[in-house]
Amino acid sequence: QVQLVESGGGLVQAGDSLRLSCAASGRTLSRYTYSWFRQAPGKEREFGAVISWNGAYTYYADSVKGRFTISRDNAKNTVSLQMNSLKPEDTAVYYCAASTSVVPNLNNINYWGQGTQVTVSS
């Protein structure tokens, strides 16, 4: 079993930055890739970024590429998402996820976190 807990969400203005954290616990954590998804009000959950446990592989959705950076701290079993130049369109609940696939999607996520709210005002 893998337990994922997100933190770091909040209310910010357009152009500001936030750093989200996902704390992972359990055994064989290295067998999964870790990703961030988000779900805005009235919309489907969408993929944002993914990273392998060793950090060698990362991939970003076009909507966040160049603004968001995913990273990991294996010593603390955490995965972070640095979000810069935030836009109102980034307003959503952000979820951490673990998958055995390098291309995580809504059909192959093994574990989900509970989510953390990010609100970006104009």
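Going by the structure above, here's the rest.
How each quantity is defined
Residues numbered from 1 in each chain as written. Predicted model: local features only at pLDDT ≥ 70, side-chain atom pairs only at ≥ 80, totals over all residues. Heavy atoms only, no water. Helix = DSSP H or I, 4+ residues; strand = E, 2+ residues; numbered from the N terminus. Rg over C-alpha atoms; globule rule 2.2 N^0.38 Å. Buried < 20%, exposed > 50% of the residue type's maximum accessible area, 1.4 Å probe, protein only. Contact = heavy atoms within 4.5 Å. Areas by Shrake-Rupley, 256 points an atom, 1.4 Å probe, with all protein chains shown as cover. Lys, Arg positive; Asp, Glu negative; His and termini not counted. Charge placed at Lys NZ, Arg CZ, Asp CG, Glu CD. 1 Å grid on protein atoms, 1.4 Å probe; cavity = no way out; pocket = protein on both sides within 12 Å on 5 of 7 lines; lining within 4 Å. Points joined across faces, edges and corners; volume = space filled by probe spheres on them. Nonpolar A, V, L, I, M, F, W, Y, C, P; charged D, E, K, R; others polar. Polar contact = N/O pair within 3.5 Å; in protein donor to acceptor, adjacent residues only side chain to side chain.

Along the protein, the regular secondary structure elements total zero helices and 11 strands. A compact globule built from 122 residues would reach a C-alpha radius of gyration of about 14 Å, and the protein, at 13 Å, matches this within 12%. C-alpha extents for the protein along the principal axes are approximately 40 × 30 × 25 Å. Looking at the protein as a whole, 43% of its 122 residues are labelled buried. Partitioning the intrachain contacts of the protein with sequence separation of at least 6 by distance along the chain shows that 56% fall at a separation of at least 24. Carbon together with sulfur atoms contributes 46% to the accessible area of the protein, which is approximately 6,400 Å² in total. Side chains of the protein carry 11 positive and 8 negative charges; the gap between the two charge centres is 8 Å.

Further remarks concern empty space enclosed by the protein. Applying the stated criterion to the full structure yields one cavity of 30 Å³ or more. The space that makes up the largest cavity amounts to roughly 50 Å³. Elements represented by at least two residues in the lining of the largest cavity include exactly β4 (33–39) and β5 (46–52). The residue inventory of the lining of the largest cavity, partitioned by class, reads seven nonpolar, one polar and one charged.

The residue G113 is located in the loop between β10 (109–112) and β11 (116–121) in this model. Sequence-wise, G113 and I51 are 62 residues apart; in three dimensions their C-alpha atoms are separated by 16 Å.

With respect to the secondary-structure elements, S101 resides in the loop between β9 (92–99) and β10. On the basis of relative accessible area, S101 is assigned to the buried category, the value being 17%. Here the side chain of S101 touches V103 through a polar contact of 3.0 Å, landing on its backbone nitrogen. Non-local contacts of S101, meaning those with residues more than four positions away in its chain, are made with T33 and N108.

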